[in-house]
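# Geometric and topological summary
So you can see what is in the structure, the chains are spelled out below.
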Amino acid sequence: MKFSSWNPFSCQAATLPPNLVLTAKLIFIGLVGKGYYNDLSDHFLPVIGIFEKMGPPAVFTGILKITFWAAGVSLLLNRGVRNCCLILGILFLIVPLSSQLSYSNAKILCGCIFLLIGLHPGGPPWLIRVQLALIYFGAGFNKLLEPDWLSGQYFEYWMHQIIGQKYYVLAASWFPAMTLSQIMGWLTITVELGLSAGFLIPRWYPVVIRVGILFHAVSVLLAQKDFGIFYGALMASYLSCVAWPKSSIVFYNDKNTFWRVAGAFWKRIDFDGIFRWRGMNELPQNNLTPTENLCLEQDGRRYIGFQASKRGVLYTPFPYFVLVFCLVFPQEEYAKYRYWAVFVFMLVVPLADVALSFLGWVRRRYFF
Amino acid sequence: MRKVIGVIFLLIQAVMIIAARFTEARYFCWAPHDAQNEYQLSVEVNGRPLNAEEIRKRYRISPCGLDPRSIAHIKNILRQYEKIYGQNDQTRIRLVYRKNGIAQAPWQWP
């Protein structure tokens with residue numbers, strides 16, 4: 001009988017795929033980092049009247065808080081992961097129903113994602129993918145029927161009067177009045193409806209995920225806020241669209257000091273033992289150039305160099321924990337720097353991808 | 001069984017997205033930041049005007065501010081409070097607001 005690890009950075013659970021466990025843990029850490037446990041209010045002005053009969057407000061809030069911490073900590077420690085997700089899902093759906101003051105799309109999003117992870121029936125996590133499609137459809141559809149979004153009035157007022165986004169104001173001055181705001185409004189609607197369709201078609205995921213990340217990075221940067229846990233929870237739930245590899249073997253240059261140290265570090269943060277490590281000389285059908293130091297074989301496909309290290313980072317849960325810690329825990333005065341950091345990070349990876357692919361092509365074409 | 005519950009849960013959301021078009025409030029339909037409502041609230045209870053702190057204490061919302069949702073959210077809070085907790089008070093509420101920067105007709109209770 002295999003026991004689950006008590007390590008909070010481990011994402012191996014008997015009943016759920018690692019990417020869903022990782023999603024749930026990231027959202028829970030985000031909720032803690034953003035202080036949502038203080039926002040589990042009493043049943044003041046409930047959406048559904050039955051909550052008024054749920055006893056004294058302090059007791060109601062106390063039960064919510066105890067449930068939040070008990071389920072969350074159990075989730076982190078890999079104890080009853082599926083049940084913990086179900087409990088957290090129900091909790092975050094109860095909170096907005098029990099008080100109109102607690103109503104927020106961010107909490108409902110967390111509730112939906114936790115609940116659907118808990119209900120995951122096996123196979124690809126299509127319940128969460130349909131959830132993502134519904135979120136974007138709802139957002140795009142509602143905006144499409146709002147005259148202020150279509151005319152640009154919403155964006156004009158939001159950027160100029162509410163946020164005072166100086167870069168936006170500067171860019172808007174290059175266009176006739178309202179033009180940029182109208183473009184941004186229509187662009188938002190188009191992207192949201194496009195993402196909605198995209199999340200229903202698995203072969204589009206590589207593009208859909210990149211467009212979604214870029215779209216939200218730009219909106220966070222423009223608004224200078226991450227809309228509570230909404231941005232983080234949505235990004236974490238994108239992991240449901242990633243096919244997590246079943247087997248990964250890393251072949252690395254164990255004669256080179258840098259790669260030996262890098263490999264040792266990587267092994268230490270790979271708490272689930274996702275990657276098996278081999279020396280480069282053990283690589284079967286080794287037709288690589290002599291300068292290659294890293295090769296990754298994942299589910300029968302081979303990746304070399306930057307592609308191998310990129311996939312190594314993407315399929316190791318630990319870097320996601322580091323990212324979420326960096327995004328949610330620093331003080332608010334550093335917020336704008338972390339939004340820029342996220343935005344730059346989003347651009348660095350694809351640009352490095354293109355540049356290194358080009359360099360690799362040049363090297364193969366002209367030097368070997 | 002889990003699959004059935006999940007599908008029903010998603011179907012309810014799809015229905016809510018359509019149903020929300022027929023209500024002023026945009027609850028449970030994934031419509032965040034559809035409108036920026038700048039509002040100002042004035043309340044009179046039994047002939048006495050409430051100050052900002054009293055309004056905050058009574059309704060647990062700010063007497064003036066910005067709400068990035070449908071203004072019906074604020075109206076519902078005020079209406080529901082008066083129906084449940086404020087039945088014995090003679091309350092007059094006036095909500096002045098601008099939706100996306102454009103002044104709207106004030107809302108009043110009762």
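Here's what I pulled together on the structure shown here.

About the criteria used
Residues numbered from 1 in each chain as written. Chains lettered and ligands numbered in written order. Predicted model: local features only at pLDDT ≥ 70, side-chain atom pairs only at ≥ 80, totals over all residues. Heavy atoms only, no water. Axes fitted to C-alpha atoms, helices over the stretch in contact; angles between N-to-C directions. Helix = DSSP H or I, 4+ residues; strand = E, 2+ residues; numbered from the N terminus. Left-handed = near helix turned anticlockwise from the far one by under 90°. Contact = heavy atoms within 4.5 Å. Nonpolar A, V, L, I, M, F, W, Y, C, P; charged D, E, K, R; others polar. Buried area = accessible area lost by both parts, 1.4 Å probe. Salt bridge = Lys/Arg side-chain N within 4 Å of Asp/Glu carboxyl O. Pairing = 2+ DSSP bridges. Phe/Tyr/Trp six-rings, centres within 6.5 Å; stacked < 30°, edge-to-face > 60°. Buried < 20%, exposed > 50% of the residue type's maximum accessible area, 1.4 Å probe, protein only. Lys NZ or Arg CZ within 6 Å of the ring centre and 35° of its normal. Core = buried A, V, L, I, M, F, W, Y, C linked by side-chain atoms within 4.5 Å. 1 Å grid on protein atoms, 1.4 Å probe; cavity = no way out; pocket = protein on both sides within 12 Å on 5 of 7 lines; lining within 4 Å. Points joined across faces, edges and corners; volume = space filled by probe spheres on them. Domains from an automatic or database assignment.

## Quick word on the packing of helix 9 (residues 179-198) of chain A against helix 10 (residues 205-223) of chain A
Residue and element names in this part refer to chain A. Put simply, helix 9 and helix 10 touch, their axes get as near as 10 Å, and they point 145° apart. Where helix 9 crosses over helix 10, the handedness of that crossing is left-handed. Two secondary-structure elements touch here, helix 9 through Met184, Thr188, Val191, Glu192, Leu195 and Gly198 and helix 10 through Tyr205, Val208, Val211, Gly212, Phe215 and Leu222. The class makeup of the residues in the contact of helix 9 with helix 10 is eight nonpolar, three polar and one charged.

## Examining the interface of chain B and chain A
How big an interface is tends to be stated in terms of the accessible area lost upon association of its parts. Taken residue by residue, the interface counts 42 residues in chain B and 47 residues in chain A. Buried area between chain B and chain A, summed over both chains or domains, comes out near 4,100 Å², and the portion from carbon and sulfur atoms is 64%. Per-residue buried area on chain B facing chain A is highest for Arg2, Phe28 and Trp30 of chain B; these three make up 20% of the total on that side. The tally of links from chain B across to chain A stands at two salt bridges. Among the ionic pairs, Arg60 of chain B bridges to Asp42 of chain A, the shortest N-O distance being 3.2 Å. Secondary-structure elements contributing two or more residues to the side of chain B that touches chain A are helix 1 (2-19), helix 2 (52-59), helix 3 (72-84) and strand 4 (91-99) of chain B. Sort the elements by how many residues they give to the side of chain B that touches chain A and helix 1 of chain B lands first, with eleven residues. Across the side of chain B that touches chain A, the residue classes tally to 22 nonpolar, nine polar and eleven charged.

## Section: the sheet that holds strand 2 (residues 275-279) of chain A
Residues and elements named next belong to chain A. Strand order across the open sheet formed by four strands is 2-1-3-4, with mixed pairing between neighbours. In this open sheet, the two edge strands, each paired with only one partner strand, are strand 2 and strand 4 (301-304). Neighbour to neighbour, the strand axes of the sheet diverge by 20° on average, direction disregarded. Along the sheet, helix 13 (residues 305-314) contacts strand 2, strand 3 (294-298) and strand 4; its crossing angle with strand 3, the most-contacted strand, is approximately 55°.

## Here we look at the packing of aromatic side chains
Tallying each qualifying case throughout the model produces 31 aromatic pairs over all chains. With centroids separated by 5.5 Å and ring planes inclined at 55°, the aromatic side chains of Trp266 of chain A and Phe275 of chain A adopt a geometry described as tilted. In this structure Trp266 of chain A comes out as buried when scored by relative accessible area, which is 12%. You can call Phe275 of chain A buried: its relative accessible area is 5%. Taken together, Phe28, Tyr37, Phe68, Trp69 and Phe92 of chain A form an aromatic cluster joined through their ring pairs. In this structure, Lys143 of chain A packs its charged tip against the face of Trp149 of chain A, placed 5.1 Å from the ring centre. The ring of Phe44 of chain A carries the charged tip of Arg60 of chain B above its face, separated from the ring centre by 3.9 Å.

## A closer look at the pattern of salt bridges
For the structure shown, the criterion picks out 13 salt bridges over all chains. In this structure, Glu146 of chain A engages Lys99 of chain B in a salt bridge whose closest nitrogen and oxygen atoms are separated by 3.6 Å. With Glu146 of chain A in the loop between helix 5 (126-144) and helix 6 (147-151) and Lys99 of chain B in strand 4, this residue pair bridges two chains. Taking relative accessible area as the criterion, Lys99 of chain B reaches 27% and is therefore assigned partly exposed. Salt bridges here are not isolated pairs; linked through shared partners, they connect Arg58, Glu82 and Asp89 of chain B.

## Notes on the nonpolar core
Membership of the largest hydrophobic core comes to 97 residues, with the highest contact counts inside it found for Leu31, Phe68, Leu75, Phe114, Phe199 and Tyr238 of chain A. The contact partners of Phe114 of chain A, leaving out residues within four places of it in the chain, are Ala24, Ile27, Phe28, Leu31, Leu75, Cys85, Leu86, Leu88 and Gly89 of chain A.

## Topic: the layout of surface pockets
Roughly 1,000 Å³ of volume is contained in the second largest pocket. In terms of lining residues, the second largest pocket is bounded by 40 residues, among which Lys225, Phe227 and Phe230 of chain A together with Pro32 and His33 of chain B are the most central. Those elements that provide at least two residues to the lining of the second largest pocket are helix 4 (105-118), helix 5, helix 7 (153-163), helix 9, helix 10 and helix 11 (230-237) of chain A. Here the lining of the second largest pocket takes eight residues from helix 10 of chain A, the largest share from any one element. Residue classes in the lining of the second largest pocket are distributed as 27 nonpolar, seven polar and six charged. Residues from two domains meet in the lining of the second largest pocket; each of domain 1 (18-118) and domain 2 (126-225) of chain A gives at least three.

In short, shape yes, function no, at least from these values alone.
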